[in-house]
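Read off the chains here:
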Protein chains: 2
Amino acid sequence: MNGLAAPPKACFTGPMLNPADAALAKRLSECLPDGTLGRAEPRYLEEPRDLAVTPSALLARPRTTDEVARIVRVCAEARVGIVPWGGGTGLVLGQVVPEGPAPLILSLERMCALRGIWPDESVMLVEAGMTLAEAQAAAEKSGRLFPLSLASEGTARIGGNLATNAGGTAVLRYGNARDLCLGVEAVLPDGSVHHGLKRLRKDNTGYDLRHLLVGSEGTLGIITAATLRLYPRPAGIGTAAFAVADPSASLNLLARAQERTAGGVTSFELMSRQGLFFLDEVLPDLRQPFAKRPDWMVLAELGLPAGLDPETVLAELYEAAAEDGLVSDGVIASSSAQARALWKLREALPEANRRIGAIASHDISLPLSEIAAFVDRAGAAIGALGDLRINCFGHLGDGNLHYNVFPPKGGRAADHRHLADAIRQAVHDLAHEFGGSISAEHGIGRLKRDDLERYGDPAKLSAMRAIKAALDPLGIMNPGAVLRS
Amino acid sequence: MNGLAAPPKACFTGPMLNPADAALAKRLSECLPDGTLGRAEPRYLEEPRDLAVTPSALLARPRTTDEVARIVRVCAEARVGIVPWGGGTGLVLGQVVPEGPAPLILSLERMCALRGIWPDESVMLVEAGMTLAEAQAAAEKSGRLFPLSLASEGTARIGGNLATNAGGTAVLRYGNARDLCLGVEAVLPDGSVHHGLKRLRKDNTGYDLRHLLVGSEGTLGIITAATLRLYPRPAGIGTAAFAVADPSASLNLLARAQERTAGGVTSFELMSRQGLFFLDEVLPDLRQPFAKRPDWMVLAELGLPAGLDPETVLAELYEAAAEDGLVSDGVIASSSAQARALWKLREALPEANRRIGAIASHDISLPLSEIAAFVDRAGAAIGALGDLRINCFGHLGDGNLHYNVFPPKGGRAADHRHLADAIRQAVHDLAHEFGGSISAEHGIGRLKRDDLERYGDPAKLSAMRAIKAALDPLGIMNPGAVLRS
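Residues numbered from 1 in each chain as written. Chains lettered and ligands numbered in written order. Predicted model: local features only at pLDDT ≥ 70, side-chain atom pairs only at ≥ 80, totals over all residues. Heavy atoms only, no water.

In the nomenclature of an unreviewed UniProt entry, chain A is known as Putative FAD-linked oxidoreductase of Albidovulum aquaemixtae. Note on chain A: under the UniProt heading Sequence similarities (unreviewed entry), the record states "Belongs to the FAD-binding oxidoreductase/transferase type 4 family." (UniProt positions renumbered as here; feature names shortened; annotations may be inferred.)

If you want it as structure tokens, here you go:
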């Protein structure tokens with residue numbers, strides 16, 4: 001990932017794995033229904049950004065938890081690595097094994113049933129292979145909201161969302177994937193099944209295995225189903241864009257919005273002037289709310305109870321903030337079409353970034369009140385490396401910045417690739433210095449393993465290796481992801 | 001705990017421990033400031049309900065994380081058990097060691113500093129020995145809410161709240177202790193320090209050690225400090241009592257209240273007619289809202305944004321619910337004195353129970369929509385055991401019932417003690433059958449270890465033992481709590 005001396009490569013555990021070969025396929029076929037095994041087509045081997053590929057693998061697509069357990073037991077006996085596979089949308093190579101013996105790719109896509117939904121409890125029980133969009137639709141059909149929301153929601157599956165503790169645009173109010181999970185069913189590395197599909201808000205009976213599996217990226221077990229927390233749909237939704245002077249002012253604006261709405265801010269997204277210029281440059285047809293592009297722009301969404309008019313709440317927020325010099329301009333959506341148009345600006349940013357071509361991009365998080373200082377320091381550090389452009393945007397309410405660095409206008413990213421490692425190191429070093437994270441929502445996978453070793457807390461890393469060795473002594477579960485095998 | 005055949009007593013790990021004796025005291029005194037060690041006075045050895053006592057122990061009261069780490073290293077070398085001690089308010093013998101070699105009691109009470117508070121981030125950083133009431137006050141002083149709230153908040157300390165994943169009266173809206181914790185600093189069983197005091201909402205960098213330590217009841221490490229999540233204080237608070245026909249109707253009422261307020265219900269407490277009769281019997285001066293005691297009564301509290309009148313919101317909720325036959329009567333507090341009077345009824349229940357004298361009491365949770373069927377089935381099962389009275393009350397919004405069983409009017413609990421085991425088994429068997437938990441908020445400690453072995457998921461128990469052996473191979477951390485040593 002970067003040009004520094006490699007950190008010590010401590011391994012968590014033991015024996016070499018064997019490849020998923022014809023002998024394994026034969027053993028598996030003896031205990032599984034016909035059609036469970038198959039050839040791993042390219043979509044199972046590639047990843048979204050063509051960063052790497054799994055050279056070869058066996059594919060299994062079980063239909064039941066019991067079949068998953070049988071597969072794990074056979075692989076444990078044969079010492080073959082298993083890569084749990086959801087929608088294949090991960091961005092850190094958690095689902096791709098570029099090196100080592102061919103693994104078994106275990107796709108959950110055929111386990112996609114809605115096992116139950118209890119609207120009065122605000123709970124549903126889904127299998128791991130249901131797509132996030134299908135889960136949202138199931139909740140909506142019952143008059144409830146499943147608030148997890150991501151760009152890849154049409155493809156990403158609940159099992160992968162939980163395995164990576166996915167984030168997205170409504171974390172500020174509803175939390176990450178882990179916060180929306182009440183219980184899991186999972187096949188553990190020895191092939192035993194953890195039956196943890198509780199529909200309980202309170203259950204203090206021992207260590208929280210659910211929270212250990214969530215975010216472990218398939219390295220401690222395979223989540224096969226989950227009970228998920230639903231929410232009431234807010235009676236009123238308000239959307240506005242505000243022009244603000246700097247990240248400090250936007251943080252202050254967020255605090256006021258939370259105070260007035262009793263924590264009713266669903267999204268609070270920050271965009272920089274450079275980002276607005278990028279939209280002008282490559283997507284000039286998009287209508288922007290402010291003729292003079294402000295230094296920073298906030299896109300805020302409120303979810304409110306019955307009896308409040310969202311436009312009025314936003315107007316009062318604006319007036320009070322303007323009086324104190326926090327905002328210099330504002331546009332409040334007066335229709336859902338206008339709200340969509342404001343969101344479109346935010347959603348178009350990744351596309352604009354792609355067209356312009358980033359030299360390096362980052363998924364970092366920071367303590368909210370350090371963002372302003374970070375932005376200053378990082379800008380200076382990048383400036384020292386060359387004449388570069390920075391598009392810093394993201395989920396301000398979560399402290400989650402997508403901090404992307406681009407060539408000067410007219411330049412090409414390819415001509416600046418030699419700077420990528422230095423940029424990454426500068427951004428990650430600073431994020432670390434400010435108490436931030438080098439992976440806010442994407443996870444570690446195989447892409448950020450070196451970063452985890454470099455920046456991670458040594459006592460935590462040591463505990464992680466001990467836990468991995470204890471639960472997966474053969475090292476078959478997603479080998480090489482998160483921890484070096 | 002009950003009269004059944006004992007379940008298999010699988011131990012997680014190895015060697016016998018040594019007592020905390022004079023030799024240990026000498027070794028500790030050599031590496032700690034004067035006054036750190038002391039005699040364990042009775043308050044460190046007893047527990048709130050006089051269920052058991054630690055016969056003898058050495059006491060250490062460190063002032064810094066480094067001192068905690070030194071103590072753990074010396075105890076590991078000497079193989080002496082350590083009992084982390086907060087406020088001593090736990091109800092499951094997690095802080096009491098009735099058997100085995102004398103432990104070292106490590107009290108966190110001198111580590112009670114507010115290390116930092118960031119109101120605009122809604123985060124504070126406190127040491128483990130701060131009492132919950134002090135933590136609430138620190139948040140309030142900064143215009144924020146730390147919503148964890150318990151009967152014992154004046155004595156219980158943050159470290160213990162986190163170690164036991166404490167619940168309380170505002171879980172419905174704000175979650176348990178674990179949901180309010182963004183990061184921890186902890187001394188692990190080998191004496192290393194996990195520096196995890198992140199102030200981040202998103203941080204996907206490896207296994208979530210914080211969530212493993214929270215709720216592990218001091219068996220995997222000692223939490224020395226934590227970053228805690230704060231909330232805005234709601235602009236308006238509304239309180240009401242509703243008379244409802246049954247738990248089904250109250251669940252339906254809760255769903256409607258959540259829909260109208262966009263999830264603004266802070267508390268939703270259920271009380272039975274028997275509970276109201278108990279109040280009449282032993283606390284007749286308490287004014288009750290309904291002259292004819294209803295079958296069931298709900299106490300609801302809303303936290304609302306600016307611009308809404310809580311009384312109006314509650315009145316509209318009442319009218320709509322009455323129209324559909326969900327509520328038969330209601331009283332809406334029109335002053336904070338009236339709100340306090342309504343809460344007083346709920347808060348007086350434990351005292352009324354104490355005066356009447358329970359034969360057996362339970363801290364269970366259930367899926368919300370199973371509560372009605374559970375109450376019917378449990379009532380029948382208890383009825384089959386004898387002429388007994390049931391006071392079932394609790395945090396309905398969390399599915400958390402305190403299901404307590406009493407002798408007939410005029411009878412004494414002592415005369416029915418022979419029924420206690422059968423009652424407990426009937427209640428816990430049924431809770432388990434309905435997908436519930438035998439410990440909703442109090443934890444396992446040493447009191448419910450047998451229940452955990454009986455009702456716990458075998459794969460989870462096996463994973464718990466593996467984790468315990470991996471992180472605490474000497475078994476020195478709170479030996480015998482949660483898992484049999």
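J.: Run through the overall build of chain A, naming residues and quoting values.
T.: Helix and strand content of chain A: 15 helices and 18 strands. The C-alpha atoms of chain A give 23 Å as radius of gyration, which agrees with the globular expectation for 485 residues (23 Å, within 12%). Principal-axis analysis of the C-alpha atoms gives chain A an extent of 70 × 55 × 40 Å. Of all 485 residues assigned to chain A, the portion counted as buried reaches 61%. Within chain A, residue pairs in contact and separated by at least 24 positions form 74% of the contacts whose partners lie at least 6 positions apart. Of the roughly 17200 Å² that chain A leaves accessible, carbon and sulfur atoms contribute 51%. On chain A, the mean spot of the 50 positive side-chain charges and the mean spot of the 56 negative ones are 4 Å from each other. (Helix = DSSP H or I, 4+ residues; strand = E, 2+ residues; numbered from the N terminus. Rg over C-alpha atoms; globule rule 2.2 N^0.38 Å. Buried < 20%, exposed > 50% of the residue type's maximum accessible area, 1.4 Å probe, protein only. Contact = heavy atoms within 4.5 Å. Areas by Shrake-Rupley, 256 points an atom, 1.4 Å probe, with all protein chains shown as cover. Lys, Arg positive; Asp, Glu negative; His and termini not counted. Charge placed at Lys NZ, Arg CZ, Asp CG, Glu CD.)

J.: Hey, could you go over the pairing of strand E6 (residues 123–127) of chain A for me, with residue numbers and the actual values?
T.: Residue and element names in this part refer to chain A. Most of E6 sits inside the fold, with 5 of its 5 residues counted as buried. Neither face of E6 is left uncovered, since the one carrying Val 123, Leu 125 and Glu 127 and the one carrying Met 124 and Val 126 both have all their residues buried. Here strand E5 (residues 114–118) pairs with E6 via 4 bridges, running antiparallel. Its bridge partner being in E6, Leu 114 is matched across the sheet by Val 126. Strand direction decides the pairing type here: E6 and strand E10 (residues 222–229), joined by 5 bridges, are antiparallel. Looking across to E10, one finds that Met 124 is bridged to Leu 228. (Pairing = 2+ DSSP bridges.)

J.: Account for the interface of chain B and chain A, with residues named and values stated.
T.: The interface is formed by 88 residues belonging to chain B together with 88 residues belonging to chain A. Remark: the boundary between chain B and chain A carries 10 salt bridges. The partner of Glu 441 of chain B in a salt bridge is Lys 202 of chain A, with the nearest N and O atoms 2.8 Å apart. Applying the counting rule to chain B against chain A returns 49 residue pairs in polar contact (both at pLDDT 80 or more). With 9 residues, the top contributor of residues to the side of chain B that touches chain A is helix H15 (residues 458–471) of chain B. Across the side of chain B that touches chain A, the residue classes break down as 35 nonpolar, 31 polar and 22 charged. (Salt bridge = Lys/Arg side-chain N within 4 Å of Asp/Glu carboxyl O. Polar contact = N/O pair within 3.5 Å; in protein donor to acceptor, adjacent residues only side chain to side chain. Nonpolar A, V, L, I, M, F, W, Y, C, P; charged D, E, K, R; others polar.)

J.: Go over the relation of the copies chain B and chain A with me, naming the residues and quoting the values.
T.: With an RMSD of 0.0 Å, the fit of chain B onto chain A corresponds to turning through 180 degrees and sliding 0.0 Å along the axis. Within this description, the copies of the chain are treated as partners about a two-fold rotation axis. Comparing interface residues between copies, 100% of those in chain B also lie at the interface in chain A; the contact surface is shared. (Least-squares fit on C-alpha atoms with pLDDT ≥ 70 in both.)

J.: Would you mind going over helix H3 (residues 65–78) of chain A in detail, with residue names and values included?
T.: Residue and element names in this part refer to chain A. Over its 14 residues, H3 extends 20 Å from the first C-alpha to the last, a length consistent with the 20 Å expected when each residue adds 1.5 Å. Counting buried positions along H3 yields 10 of 14 residues, so the element is predominantly enclosed. Downstream of H3 by one or two residues, Arg 79 has phi in the positive range, about 55 degrees. (Expected span 1.5 Å × (residues − 1).)

J.: So what about the packing of aromatic side chains? Which residues, and what values?
T.: Residues and elements named next belong to chain A. Taken as a whole, this structure holds 12 aromatic pairs over all chains when the rule is applied. Seen in terms of ring centroids, Phe 374 and Phe 434 are 6.1 Å apart; in terms of plane orientation they differ by 80 degrees. Their pairing is edge-to-face. With Phe 374 in helix H12 (residues 371–385) and Phe 434 in the loop between helix H13 (420–433) and helix H14 (449–455), the pair connects residues that are 60 residues apart, well separated along the chain. In terms of burial, Phe 374 and Phe 434 fall into one category: buried. In this structure an aromatic cluster arises from ring pairing among Phe 374, Tyr 403 and Phe 434. Positioned above the aromatic ring of Trp 118 is the side chain of Arg 199, whose terminal nitrogen or guanidinium carbon lies 3.8 Å from the ring centre. (Phe/Tyr/Trp six-rings, centres within 6.5 Å; stacked < 30°, edge-to-face > 60°. Lys NZ or Arg CZ within 6 Å of the ring centre and 35° of its normal.)

J.: Break down the environment of Asn 252 of chain A for me, citing the residues and quoting the values.
T.: Its location among the elements puts Asn 252 of chain A in helix H8 (residues 247–261). Separated by 12 residues in the primary sequence, Asn 252 of chain A and Ala 240 of chain A have C-alpha atoms spaced 16 Å apart. For Asn 252 of chain A, the contacting residues outside a window of four places in its chain are Leu 326 of chain A together with Asp 120 of chain B.

J.: Give a detailed account of the UniProt feature "domain: FAD-binding PCMH-type" (unreviewed entry) in chain A, specifying residues and quantitative values.
T.: Look at the UniProt record and you will see "domain: FAD-binding PCMH-type" (unreviewed entry) annotated at residues 51–233 of chain A. Annotated as residues 51–233 of chain A, this span is 21% helix and 24% strand, and its ends, taken at the C-alpha atoms, are 39 Å apart.

J.: So what about helix H1 (residues 22–30) of chain B? Which residues, and what values?
T.: Turn by turn, an α-helix covers 3.6 residues, leaving residues three or four places apart pointing in a common direction. Residues and elements named next belong to chain B. For H1, the full list of buried residues reads Leu 24, Ala 25 and Leu 28. Buried residues in H1, looked at end-on, bunch into an arc of 100 degrees, giving them a common side. Opposite its buried face, H1 presents the exposed residues Ala 22, Lys 26 and Glu 30, each directed more than 90 degrees away. Its buried side turned inward, H1 meets strand E1 (37–39), strand E2 (58–60), helix H3 (65–78) and strand E4 (104–107). (Arc of directions from axis to C-beta.)

J.: Would you mind going over the state of the cysteines in detail, with residue names and values included?
T.: Note on terminology: a disulfide is the covalent bond linking the sulfur atoms of two cysteines. For the structure shown, the criterion picks out 0 disulfides over all chains. In this structure Cys 75 of chain A is a free cysteine whose sulfur lies 9.3 Å from that of Cys 31 of chain A, the closest cysteine sulfur available. (Disulfide = S-S within 2.5 Å.)

J.: So what's going on with the confidence of the model for chain A? Residues and values would help.
T.: Confidence in the prediction of chain A, expressed as mean pLDDT, is 95, and 97% of residues score 70 or more. Counting contacts from residues 1–14 of chain A, a segment whose pLDDT is below 50, to residues more than four positions away or on other chains yields 35 contacts. (pLDDT = per-residue confidence, 0-100.)

J.: Explain the environment of Arg 340 of chain B to me, using residue names and the numbers behind them.
T.: All names here are of chain B. Counting through the fold element by element, Arg 340 comes out in helix H11 (residues 336–356). The class of Arg 340 is exposed, set by a relative accessible area of 56%. A C-alpha to C-alpha distance of 51 Å links Arg 340 and Asn 18, two positions 322 residues apart in sequence.

J.: Outline the sheet that holds E4 of chain B, listing residues and values.
T.: Working definition: the strands of a sheet are paired by backbone hydrogen bonds and lie parallel or antiparallel to each other. All names here are of chain B. An order of E1-E2-E4-E3 is seen for the 4 strands of this open sheet, with the pairing classed as mixed. Edge positions in the open sheet fall to E1 and strand E3 (82–85), since each of these has one partner strand only. Across the sheet, the mean angle from the axis of one strand to that of its neighbour is 30 degrees, orientation sign disregarded. Inspection of the sheet shows E2 paired to E4 by 3 bridges, in the parallel sense. Its bridge partner being in E4, Leu 58 is matched across the sheet by Leu 104. Relative to E4, H3 is tilted by about 170 degrees, and along the sheet it contacts E2, E3 and E4. (Axes fitted to C-alpha atoms, helices over the stretch in contact; angles between N-to-C directions.)

J.: How would you summarise the pattern of salt bridges if you had to cite specific residues and measurements?
T.: The full count for this structure, using the stated rule, is 56 salt bridges over all chains. Of the charged contacts, one joins Arg 273 of chain A and Asp 295 of chain A as a salt bridge, the two residues approaching to 2.6 Å between their closest N and O atoms. With Arg 273 of chain A in helix H9 (residues 273–282) and Asp 295 of chain A in the loop between H9 and strand E14 (296–304), this pair connects stretches of sequence that are 22 residues apart. Given a relative accessible area of 28%, Arg 273 of chain A falls into the partly exposed group. Salt-bridge contacts for Glu 140 of chain B lead to Arg 233 of chain B; the nearest nitrogen and oxygen are separated by 3.8 Å. With a gap of 93 residues between them, Glu 140 of chain B in helix H4 (residues 132–141) and Arg 233 of chain B in the loop between strand E11 (231–232) and strand E12 (236–244) connect regions that are remote in the sequence. Look at Glu 140 of chain B and you get partly exposed, because its relative accessible area is 48%. A cluster of three or more residues bridged by salt bridges with shared partners is formed by Arg 43, Arg 61 and Glu 109 of chain A.

J.: An account of the packing of helix H9 (residues 273–282) of chain B against H11 of chain B is requested, with residue identities and associated values reported.
T.: Residues and elements named next belong to chain B. For the pair H9 and H11, the least separation of the axes is 9 Å and the interaxial angle reads 70 degrees. Looking at the two axes, H9 sits roughly perpendicular to H11. Crossing angle aside, the handedness with which H9 passes H11 is left-handed. Here H9 contributes Gly 275, Phe 278, Leu 279, Glu 281 and Val 282 to the contact with H11, which in turn contributes Leu 345, Ala 348, Leu 349, Ala 352, Asn 353, Arg 355 and Ile 356. Residues belonging to the contact of H9 with H11 are distributed by class as follows: 8 nonpolar, 2 polar and 2 charged. (Parallel < 35°, antiparallel > 145°, perpendicular 65-115°, else oblique. Left-handed = near helix turned anticlockwise from the far one by under 90°.)

J.: Which residues make up the environment of Ile 476 of chain A, and what are the values?
T.: Within the secondary structure, Ile 476 of chain A sits in the segment after helix H15 (458–471). Ignoring any residue separated from it by four or fewer positions in sequence, one finds Ile 476 of chain A in contact with Leu 17, Val 72, Cys 75, Ala 76, Arg 79, Val 80, Gly 81, Ile 82 and Pro 189 of chain A.

J.: Now, about unusual backbone geometry: what can you tell me, with residues and values included?
T.: A negative phi angle characterises most non-glycine residues, just as the trans form characterises most peptide bonds. Non-glycine residue Val 482 of chain A carries a positive phi angle of around 65 degrees. Of note, Val 482 of chain A is situated in the segment after H15. When its relative accessible area of 1% is taken as the criterion, Val 482 of chain A is described as buried. Within the chain, Arg 79 of chain B stands out as a residue other than glycine whose phi angle is a positive 55 degrees. As for its position among the elements, Arg 79 of chain B is in the loop between H3 and E3. For Arg 79 of chain B, a relative accessible area of 34% puts it in the partly exposed group.

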